[in-house]
Amino acid sequence: MLEIFMDQAATSFPKPEAVIRAVANYMENNGANLHRGSGSRAQQVELTVLSLREKLAELFNHDSVKRVILNSGATMGLNTVLFGTLKRGDHVLVDALAHNAVVRPLSELEKRGVTYSAVPVSKTGFCNVAEAEKLLLPNTRMLLLTHASNVCGTIQDAEAFGRFCHKHGLLFVLDAAQSAGHLPVDFSACKVDALAVPAHKGLLAPSGVGALLLSSRLAEEMTPLTFGGTGSVSDSVIQPERLPDKFESGTPNLPGIFGFLAAVENLNVAEIRKHELELTERFLSRLRDIPNIRLLGETLAEKRVAVFSIDFRGKDNGLVAAALESEYGIYTRSGLHCAPWAHRALGTFPQGSVRFSFSKYTSPEQVDFAADAIAHLAAR
């Protein structure tokens, strides 16, 4: 039985051949470290890292490679911003679909005197600027938005929230974990101060690497989360202020970075979005006729990414996911998806849901096969 991988929202699979070759090439033929050598191999590493910053700045319409910070992923980026910016007495607005990569840091910061309010969402997971306006306080400093939900796939209007934040003088942080690589994300148009991006999801790169893109004002005022060796200003015991070194202590994941560059160089977001929209429309049309299930999120394809959570009414969603794999070879993810807030907001807490998620490698035939499997299991 062939396996069909439909857990792309957790991590992309398969990886492009160019990515695999780039990772292997670094590990087999280079092995040098960043900012810690002067030979030809070290120079190749320096050039690769710079090229990746340039490609990411271009991809997300960002204005400075120095403020493209490379890290271990979106969770590290979000933690860096939250702990490096917020202080006792600050208030944060955050959408009610936020991932635990946001909620858990905020819960910890609450112990340190930071408060937050969850902006409610509609039944389909849409977050409205008007609802955020109602929760504004004199000490509100930041709004953090989930660009696309990892539970229901709903896409938020990042440009509208960017204008809202600009109007009220708020820092705007965008969690692009489920949107980067799947649809265009424009740092400038959305007036973003911090954009957190993982490499291993929609960007089709290895795990353990990502990027945090910063505005000039946030890069200047934010305190690093980690301190240590940067390979620069080694005569000083003080953390460098120059960028990107200020936020890049320690040895980076260079195999991942080589793979990350190969992934971004071969990425065509417009083509991916077109393909995934077609799959989304196909899947939604098939699901409408299946009884005994509830699909979370928006019903219009253009308002969502290709992430679909299904609650099988009267059944254990974990057992359904197990049957999908054992009987049909369809690999999904069941449970709460590290997002209990989202499931509470969407009415699927504590039972969770079965999540299907697609990528550029998902075919229409696989989508039809999955829909048939869902119908069979829902009818049992």
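Residues numbered from 1 in each chain as written. Predicted model: local features only at pLDDT ≥ 70, side-chain atom pairs only at ≥ 80, totals over all residues. Heavy atoms only, no water.

Q: Tell me what's going on with empty space enclosed by the protein, and back it up with residues and numbers.
A: Considering all chains together, one arrives at one cavity of 30 Å³ or more under this definition. Empty space within the largest cavity amounts to approximately 50 Å³. Every residue lining the largest cavity is listed: Q8, A9, Q178, H182, E276, V305, A306, V307, S357 and F358. When its residues are assigned to classes, the lining of the largest cavity shows five nonpolar, four polar and one charged. (1 Å grid on protein atoms, 1.4 Å probe; cavity = no way out; pocket = protein on both sides within 12 Å on 5 of 7 lines; lining within 4 Å. Points joined across faces, edges and corners; volume = space filled by probe spheres on them. Nonpolar A, V, L, I, M, F, W, Y, C, P; charged D, E, K, R; others polar.)

Q: For the pattern of salt bridges, give the residues involved together with the corresponding values.
A: Across all of its chains, the model carries 16 salt bridges by this definition. The closest approach of N and O atoms between R286 and D368, which form a salt bridge, is 3.5 Å. On the criterion of sequence distance, the pair formed by R286 in helix α9 (residues 269-287) and D368 in helix α12 (residues 364-379) is long-range, its members being 82 residues apart. A cluster of three or more residues bridged by salt bridges with shared partners is formed by R282, R286, D368 and D372. (Salt bridge = Lys/Arg side-chain N within 4 Å of Asp/Glu carboxyl O. Helix = DSSP H or I, 4+ residues; strand = E, 2+ residues; numbered from the N terminus.)

Q: So what's going on with unusual backbone geometry? Which residues, and what values?
A: Among all residues save glycine, negative phi is the norm, and among peptide bonds the norm is trans. That bond from F13 to P14 is cis: its omega, 0°, falls within 30 degrees of zero. Cis geometry marks the peptide bond from L243 to P244; its omega dihedral reads 0°. By the secondary structure assignment, P244 is in the loop between α7 (216-221) and α8 (254-265). Even without being glycine, K191 reaches a positive phi, approximately 55°. For K191, the position within the fold is in the loop between β6 (171-175) and β7 (194-198). The class for K191 is partly exposed, based on a relative accessible area of 40%. One non-glycine residue with positive phi stands out, namely L204, at about 65°. Take L204: its relative accessible area is 6%, and that puts it in the buried class. (Buried < 20%, exposed > 50% of the residue type's maximum accessible area, 1.4 Å probe, protein only.)

Q: Explain the sheet that holds strand β10 (residues 307-312) to me, using residue names and the numbers behind them.
A: Taken in spatial order, the four strands make up an open sheet running β9-β10-β13-β12, and their pairing is antiparallel. Two strands bound the open sheet, and with one partner strand each, they are β9 (293-295) and β12 (333-335). Across this sheet, the average inter-strand angle for adjacent strands is 30°, counted without regard to direction. Of the strands in this sheet, β10, β12 and β13 (353-357) touch helix α10 (residues 317-328), which is tilted by about 40° from β13. Running over the sheet, α12 touches β9, β10 and β13 and is turned about 15° from β10. (Pairing = 2+ DSSP bridges. Axes fitted to C-alpha atoms, helices over the stretch in contact; angles between N-to-C directions. Contact = heavy atoms within 4.5 Å.)

Q: Account for the layout of surface pockets, with residues named and values stated.
A: Where empty space is left becomes clear once a probe the size of a water molecule has been rolled over the atoms. The computed volume of the largest pocket comes to approximately 400 Å³. Considering the residues around the largest pocket, the lining is formed by 29 residues, among which L70, N71, F247, E248 and S249 are closest to the centre. Contributing elements (two or more residues each) for the lining of the largest pocket: α2 (40-59), β2 (68-71) and α3 (74-85). By residue number, the principal contributor to the lining of the largest pocket is β2, which donates three residues.

Q: Can you break down the pairing of β13 residue by residue, with the values?
A: Judged by how many residues are buried, β13 sits mostly within the fold: five of five residues are covered. Where burial is concerned, the two faces of β13 agree: the one with S353, R355 and S357 and the one with V354 and F356 are both buried. Sheet topology places β10 next to β13; four bridges connect them, and they run antiparallel. Directly across from V307, in β13, lies its bridge partner S357. When β12 meets β13, the two strands line up antiparallel, connected through three bridges. Across the sheet, S334 pairs through a bridge with V354, a residue of β13.

Keep in mind these values describe shape, not function.
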